[in-house]
Amino acid sequence: MSPSDSSGTSPGESSGASPAESSGASPAESSGASPAKSSGASTAKNSGASPAKRSVSTPAVRRVAVIGGTRIPFARSDGPYATASNQDMLTAALDGLVERYGLGDPGAVGEFVAGAVLKHSRDFNLARETVLGSELDARTPAYDIQQACGTGLQAVIAAANKIALGQTEAAIAGGADTASDAPLGVNDRLRRILLEARRAKSLGGRVKALSRVRPSHLVPDIPRNAEPRTGLSMGEHAAVTARAWGVTREAQDELAAASHQRLAAAYERGFFEDLVVPFRGLDRDQNLRPGSTPEKLAALKPVFGLDGEHPTMTAGNSTPLTDGAALVLLASEEWAERRGLEPLAYLTAHETAAVDFVHGDVAGGEDGLLMAPAYAVPRMLERAGLGFGDFEFVEVHEAFASQVLATLAAWEKRGLAPVDRARLNVNGSSLATGHPFAATGARIVATLAKSLAEGGGSGRGLISVCAAGGQGATAILERR
């Protein structure tokens, strides 16, 4: 079964014309008639208004610059950030960005967009509350967004589209997640009793309802990393896909070890000095294991796919539960020039996709839970007229090593050239950094933008992020 189509607009692929001009017709003409002529009389004459004030012109689509990013070090759950909320972590990342780029003046940026996957009821207005508790101007509008592991990238895309259309000059986007402070739900049987007691019309009715509470009702509902439609965890879904694509244990461990080694090397050469701000005693990602090797990882026991023969997925080649936050500063070229800031790169295209992981070709690997990027990337590249040979860097979110390898194989099956492994996740990725669900997309955007800028010349980078619910978000960054 084919995935649902979702054509992403390209904020950077502008011809310099407004949407109306690019179609060869004005907004009025595109509907088949001028509004003023359709009634046989001028609307302006009937209302007494000046024709010049009748409408607002549509601005040309602008290039969207990635100015930079800031994140806190990612930590393993129930560790250094065990008592930090989503808002605490997001505020720390935001204050670091405000300080680094001098964004404390009134109206410095037009909007703040962020989200979290694991949210308490107190997080219902997370982005706005984060602004109010930060050094950013309290008059900055903010809103939440959520698409599981694609949240951070979707927040960047949402902000970029407004900048591209001239609706704002600059915005901050990203996300945060804490697996340590995951919300605990009230036992559903207790919830029903409490609601019945609230609806009771008398004290006797309330007492009667509450008298049915039993000790077992006091056990909370613990959040599970499982798909509601299948009951399987993300790891179990990934194990099904790994078997379908014939992904070996050795290949997974090799990719995981490379992620740690590359992240360690990036820290040692100072790559993250202007991307990571210390938080609660950490100055680098806690999950990082510089001494990781395929041989050491081979000693770990499998933890997913145990119901099948020869399981291959371990804690070492899968991302751990992680706490953290990451943000990206986006702007128009004019805004950056006024502030004396040089863009690291430009967001020029994006694409989303979804697969039917419930009824589709799951056993065959085509519609595995995390395989939506296998469809989104070929569509995006076809629209842009590009192939993998046109990219200096390829960033694939490492939810699991097996998922990365299955996605690479699927791209080749769809006619794309093999990805040069020397260009894949060159500064490490999620297997080494960890994966706070809503923060990963922003981390990748900032890391890729800086990777492109380091060379000083032109170049392109591709981003691929898989997400729960059988979804995927992808994008292209360019420096030219």
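Residues numbered from 1 in each chain as written. Predicted model: local features only at pLDDT ≥ 70, side-chain atom pairs only at ≥ 80, totals over all residues. Heavy atoms only, no water.

Undergrad: I'm lost on the overall build of the protein in this one. Help?
TA: Along the backbone of the protein there are 17 helices and 12 strands. Long-range contacts, defined as pairs at least 24 residues apart, comprise 81% of the intrachain contacts of the protein with a sequence gap of at least 6. (Helix = DSSP H or I, 4+ residues; strand = E, 2+ residues; numbered from the N terminus. Contact = heavy atoms within 4.5 Å.)

Undergrad: Looking at this model, I keep getting lost on the packing of aromatic side chains. Mind explaining?
TA: Centre-to-centre distance and the angle between the planes together describe a pair of aromatic rings. A complete count under the given rule lists 5 aromatic pairs for this structure. Geometrically, the ring pair formed by tyrosine 267 and phenylalanine 272 is tilted, given 4.6 Å between the ring centres and 40° between the ring planes. In this structure, tyrosine 267 and phenylalanine 272 share a single accessibility class: buried. Joined through ring pairs, the aromatic side chains of Tyr267, Phe271 and Phe272 make up one cluster. (Phe/Tyr/Trp six-rings, centres within 6.5 Å; stacked < 30°, edge-to-face > 60°. Buried < 20%, exposed > 50% of the residue type's maximum accessible area, 1.4 Å probe, protein only.)

Undergrad: What is the right way to look at unusual backbone geometry in this model?
TA: Generally, phi is negative for residues other than glycine and the peptide bonds are trans, each holding for most cases. Positive phi, close to 50°, is recorded for alanine 148, a residue that is not glycine. Accessibility expressed as a relative area gives 13% for alanine 148, which makes it buried. The phi dihedral of arginine 280 falls on the positive side, at around 50°, and the residue is not glycine. By secondary structure assignment, the location of arginine 280 is in the loop between helix H11 (249-268) and helix H12 (294-297). For arginine 280, a relative accessible area of 39% corresponds to the partly exposed category.

Undergrad: Help me understand the side chain of histidine 120 in this model?
TA: Within the secondary structure, histidine 120 sits in the loop between strand S3 (111-115) and helix H6 (126-132). On the basis of relative accessibility, which here comes to 18%, the residue histidine 120 falls in the buried class. With sequence-adjacent residues up to four places away left out, histidine 120 is seen in contact with Asp181, Ala182 and Pro183.

Undergrad: Would you take a moment to explain the pattern of salt bridges for this structure?
TA: If the charged atoms of two oppositely charged side chains come close together, the side chains can form a pair. This structure, assessed with the given rule, holds 24 salt bridges. Close ionic contact of lysine 119 with aspartate 144 constitutes a salt bridge, the shortest N to O distance being 2.7 Å. One end of the pair, lysine 119, is in the loop between S3 and H6; the other, aspartate 144, is in strand S4 (residues 142-144), with 25 residues separating them in the sequence. Take lysine 119: its relative accessible area is 28%, and that puts it in the partly exposed class. Under the relative-accessibility criterion, aspartate 144 is labelled partly exposed at 23%. Between arginine 480 and glutamate 478 there is a salt bridge, with the nearest N and O atoms lying 2.6 Å from each other. Residue class for glutamate 478 comes out buried when judged on its relative accessible area of 8%. Salt bridges here are not isolated pairs; linked through shared partners, they connect Arg62, Glu169 and Arg338. (Salt bridge = Lys/Arg side-chain N within 4 Å of Asp/Glu carboxyl O.)

Undergrad: Teacher, can you tell me more about the nonpolar core here?
TA: Soluble, globular proteins show a tendency: their nonpolar side chains are buried together. Leu153, Phe272, Val328, Leu330, Val445, Ile463 and Leu477 are the most contacted members of the largest nonpolar core, which totals 45 residues. Residue contacts for phenylalanine 272: discarding those within four places in its chain leaves Arg71, Leu263, Ala266, Tyr267, Asn427 and Thr447. Core analysis: the next-biggest nonpolar cluster, separate from the first, contains 39 residues, Ala142, Ala170, Ile172 and Trp335 among them. (Core = buried A, V, L, I, M, F, W, Y, C linked by side-chain atoms within 4.5 Å.)

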